[in-house]
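What the coordinates show
Each chain, letter by letter, is given below.
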Amino acid sequence: MSGSAEGRVAELVERLLTEHDPRTTPEREFWGAQFDLGLAWVEFPEGKGGLGLDPGLQDIVDQRLIDEDAPLNLLHNMLGVGMAAPTLIAFGTEEQQRRLLRPLFTCDEIWCQMFSEPGAGSDVASLATRAERDGDEWIVNGQKVWTTMAHRARWGLLLARTDPEVPKHQGLSYFYIDMQQPGVDVRPLRQITGEAEFNEIFFTDARIPDRQRIGPVGEGWNVAIATLMNERVILGRVGKLSGQEGGVIRHALRVWNELPSDGRDAVRRDELLRLWVESEVVRLTTQRSEAVRAAGTPGPEGTLGRLMANEHQQRVFAFIVNLLGAGGMLISGYELRRPDRIGDVALIADDAIDYQKGFLSTRGATIGGGTSEVSRNIIGERVLGLPKEPAADRDVPWSEVPRS
Ligand SMILES: Cc1cc2nc3c(=O)[nH]c(=O)nc-3n(C[C@H](O)[C@H](O)[C@H](O)COP(=O)(O)OP(=O)(O)OC[C@H]3O[C@@H](n4cnc5c(N)ncnc54)[C@H](O)[C@@H]3O)c2cc1C
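Notes on the structure follow. (Residues numbered from 1 in each chain as written. Predicted model: local features only at pLDDT ≥ 70, side-chain atom pairs only at ≥ 80, totals over all residues. Heavy atoms only, no water.)

**A word on the site of the ligand**
- In the neighbourhood of the ligand, 17 residues make up the surrounding shell, with S122, W146, T148, T371 and E373 lying closest.
- One of the side-chain nitrogen or oxygen atoms of T371 is found 2.6 Å away from an oxygen atom of the ligand.
- At 2.6 Å, a side-chain N or O of E373 approaches an oxygen atom of the ligand.
- Burial of the ligand by the protein amounts to 65% of the accessible area it has alone, namely 990 Å².
- A breakdown of the residues in the shell around the ligand according to their chemical character gives 4 nonpolar, 11 polar and 2 charged.
- Counting residues domain by domain, the shell around the ligand receives three or more from each of domain 2 (111-223) and domain 3 (226-383). (Near = heavy atom within 4 Å. Polar contact = N/O pair within 3.5 Å; in protein donor to acceptor, adjacent residues only side chain to side chain. Areas by Shrake-Rupley, 256 points an atom, 1.4 Å probe, with all protein chains shown as cover. Nonpolar A, V, L, I, M, F, W, Y, C, P; charged D, E, K, R; others polar. Domains from an automatic or database assignment.)

**Here we look at unusual backbone geometry**
- In this structure, W146 is a non-glycine residue whose phi angle is positive, near 60°.
- Counting through the fold element by element, W146 comes out in the loop between β3 (137-144) and β4 (155-161). (Helix = DSSP H or I, 4+ residues; strand = E, 2+ residues; numbered from the N terminus.)

**Here we look at the environment of D395**
- Mapped onto the fold, D395 is located in the segment after α11 (372-383).
- On the basis of relative accessible area, D395 is assigned to the exposed category, the value being 65%.
- Taking the C-alpha atoms as reference points, D395 and Q170, 225 residues apart in sequence, are found 9.7 Å from one another. (Buried < 20%, exposed > 50% of the residue type's maximum accessible area, 1.4 Å probe, protein only.)

**Concerning the pairing of β4**
- In terms of burial, β4 is a largely internal element, 7 of the 7 residues being buried.
- Judged by which residues are buried, β4 turns out to be covered on both faces: W155, L157, L159 and R161 on one side and G156, L158 and A160 on the other are all buried.
- With 4 bridges joining them, strand β1 (residues 111-114) and β4 adopt parallel strand pairing. Within the sheet, the bridge partner assigned to M114 lies in β4 and is L158.
- As judged from the 7 bridges shared by β4 and strand β5 (residues 172-178), these two strands associate in the antiparallel manner. When the bridges of β5 are listed, L158 appears paired with F175. (Pairing = 2+ DSSP bridges.)

The following block contains the structure:
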């Protein structure tokens, strides 16, 4: 990381803040200016929201914007900013990058990501949604599930099967699809807290122009891996940007300090201290995996910090609802809402929090973006170099693999 690059980024952030006062500039205008100055993703090429610099320098931008209480787009368009954009930079065409990146960053166009299906979650490569070629277009039929923010999305990243006669990983292609066209039916899926952040999607003869394919036909799996590696990184960045850098342990400390003195017994104090130590280990592990990420493309190391952070969150919220006694069983409301942004179900940026909803919503943290068991497999195989799990269907054409 060179001093002059740091200086250049710092200077550009000051220019952004001076020319576009975050207190008075409309959000989308502010994000547009941030993009135009190359401060959207500093590692991207110039003219495409970046400056062609070390990705670690993005921290300078993020921290300064947090300090100034500037609007942050990540929670409004996390799948776009955190996953679609790096995928487009790595695999998209020049035309796709020029057309899509700016409206994505300004949140004029929200994105969702459609990998999971009723019969394909952890083993997403076995998915069944078909895309069949019809001249310059593809016709899509099938079903996706758990699609976060699809109800707000203009575009969806789509992994679909284009060749069922080859082994599962080889017959996939990757597209982006217009979510507002006929043939795409988005239905809410209500979660344990009452809200519906995610959806199920039914495709009936939906159409995608071939120019909306990302990467070569049959190589969708490689593109999907890049998206998923970025997902693991972005979930960590969300915590940082939404003011949760102190970690969820601060909520436990607050509840603890508000307890009557006879509620603060030695056994509970012991548990609180154990969780506090754990939160420090999570913080340092996340820092370590961020340092690896800052040195280049995100790899499997990000999985480590994310796995620890998610399991830690669950333990902290379980501790909090226990401290609250019978009150811990009461939820503040159960209305069906379809939120405009991710993460406002319980973890509210201004630090006001519904602990019971926090407890419930963190149940999903060890499932979404890959379950804890699958994360442990990734760490075992790709970080520690342990032997791979046996896979009987790896070399068999997808059409010949039995499925329910
Ligand atoms: C809050 C939330 C948001 C989500 N958002 C999206 C989204 O926007 N887009 C999207 O495409 N998907 C999304 N998902 C879906 C998510 O990616 C899947 O739920 C996840 O990959 C697990 O798949 P599954 O639910 O089908 O479980 P399964 O794969 O059926 O797993 C069931 C159980 O078996 C275990 N298991 C499976 N395989 C193995 C193995 N090889 N070794 C050991 N144990 C194993 C799992 O750990 C789990 O405990 C979201 C999920 C959640 C909870």
